[in-house]
Amino acid sequence: MTDLYPAADQRELLRQAATVHTAASADVEAFLRRLPEVPDPADITEYANLLSREEQARADRQAAADAAGLQLPSLESE
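Residues numbered from 1 in each chain as written. Predicted model: local features only at pLDDT ≥ 70, side-chain atom pairs only at ≥ 80, totals over all residues. Heavy atoms only, no water.

**Q** What's the story with the overall build of the protein chain in this structure? I'm lost.
**A** Each helix and strand counted, the protein chain has 2 helices and 0 strands in total. Classification of the 78 residues of the protein chain by burial places 15% in the buried group. Considering only contacts in the protein chain between residues 6 or more positions apart, those separated by 24 or more positions represent 62%. Here the protein chain has roughly 6,400 Å² of accessible surface; of this, 57% comes from carbon and sulfur atoms. (Helix = DSSP H or I, 4+ residues; strand = E, 2+ residues; numbered from the N terminus. Buried < 20%, exposed > 50% of the residue type's maximum accessible area, 1.4 Å probe, protein only. Contact = heavy atoms within 4.5 Å. Areas by Shrake-Rupley, 256 points an atom, 1.4 Å probe, with all protein chains shown as cover.)

**Q** I would appreciate a short explanation of the pattern of salt bridges in the present structure.
**A** Two side chains of opposite charge can pair, provided their charged atoms sit close to one another. In the structure shown here, the tally under the stated rule is 5 salt bridges. Residue arginine 15 pairs with glutamate 12 through a salt bridge whose shortest N-O separation is 3.0 Å. Linking arginine 15 with glutamate 12, this pair stays in helix 1 (residues 10-34), spanning 3 residues, or about one helical turn. The salt bridge partner of glutamate 29 is arginine 33, with a shortest N-O separation of 2.6 Å. Placement of the pair is glutamate 29 and arginine 33 together in helix 1, with a separation of 4 residues, close to one helical turn. By relative accessible area, arginine 33 is classed as exposed at 68%. (Salt bridge = Lys/Arg side-chain N within 4 Å of Asp/Glu carboxyl O.)

**Q** Please explain the side chain of glutamate 54 as it appears in this structure.
**A** One can find glutamate 54 in helix 2 (residues 41-67). Contact partners of glutamate 54, with chain neighbours within four places excluded, come to His21, Ala24, Ser25 and Val28.

Listed below in structure tokens is the structure:
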């Protein structure tokens, strides 16, 4: 029997992860554009949540890039 929904290849998974990361980054930018001059505790909480989501999306994108064969050498000095 033929699979009607073949598994996405690694490149497609990487594209999807990049799309999610881009959206998360755009949400951080939108928040910063509407941030009041004096942030209140709710603003700080929202910012923390947005940053956490963006950081997780970046990590997921990097994992997808690694799986697609786009491993980069470390840029950190040893």
